[in-house]
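Here is what each chain is made of, one letter per residue.
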Amino acid sequence: MGSHSRGLYKWDSAKAIHSFNEGFYKLKNIPNVKVLKLIKDKAGFIWAGTESEGVYKINPATDAIVEHITEKGPPGKRILSGAAALLEYDDSLLLIGGNGIHIYNRKKNQIENITAANGLPSDMVVSLEKDRDGYVW
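Because the structure is predicted, anything quoted here is derived from the model rather than measured.

The rules we used
- Residues numbered from 1 in each chain as written.
- Predicted model: local features only at pLDDT ≥ 70, side-chain atom pairs only at ≥ 80, totals over all residues.
- Heavy atoms only, no water.
- Helix = DSSP H or I, 4+ residues; strand = E, 2+ residues; numbered from the N terminus.
- Polar contact = N/O pair within 3.5 Å; in protein donor to acceptor, adjacent residues only side chain to side chain.
- Contact = heavy atoms within 4.5 Å.
- Salt bridge = Lys/Arg side-chain N within 4 Å of Asp/Glu carboxyl O.

1. Remarks on the side chain of T70
Here's step 1: Structurally, T70 can be placed in the loop between β6 (65-69) and β7 (85-88).
Here's step 2: In terms of polar contacts, T70 uses its side chain to reach the backbone amide nitrogen of K72, at 3.0 Å.
Here's step 3: The residues contacting T70, other than those within four sequence positions of it, are E53, K77, R78 and I79.

2. Looking at the pattern of salt bridges
Here's step 1: The final tally for this structure, using the stated rule, is six salt bridges.
Here's step 2: With a closest N to O distance of 3.6 Å, K34 and E51 form a salt bridge. You can see K34 sitting in the loop between β2 (24-26) and β3 (35-40) and its partner E51 sitting in the loop between β4 (46-50) and β5 (55-58), a full 17 residues away along the chain.
Here's step 3: Salt-bridge contacts for K77 lead to E67; the nearest nitrogen and oxygen are separated by 2.9 Å. A residue pair is termed long-range when its members are at least 10 positions apart, and K77 in the loop between β6 and β7 and E67 in strand β6 qualify at 10 residues.
Here's step 4: One connected set of salt bridges, linked through shared partners, spans D41, E88 and R106.

Rendered as structure tokens:
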């Protein structure tokens, strides 16, 4: 569960033996930020898009951060800012919407940024969806 300003929380049925509420806990490695989007990819990893700290890839079995993509990353591996939308396009590509669209090729470990300078009508992208024909909306 992504919160408005307190980071990321998880509910674990094993911890909720006596009470449903006892199953909730905060993932301590995720800072107190606004979580805008959560998805589970086909490999089972959880991806959390945040307003100010980029994107976290999390192993749900251990709660470990496997990857953290930010605007401070090296060239070819950074987003421009924020991550309001996440879409697993296929087994290689993860689309990240925020200040433009960031196409993350997970096999090559590279990100291509597309902005209004490249033809987008606006740099602000808050939602992404793929239709059955493969078009991204």
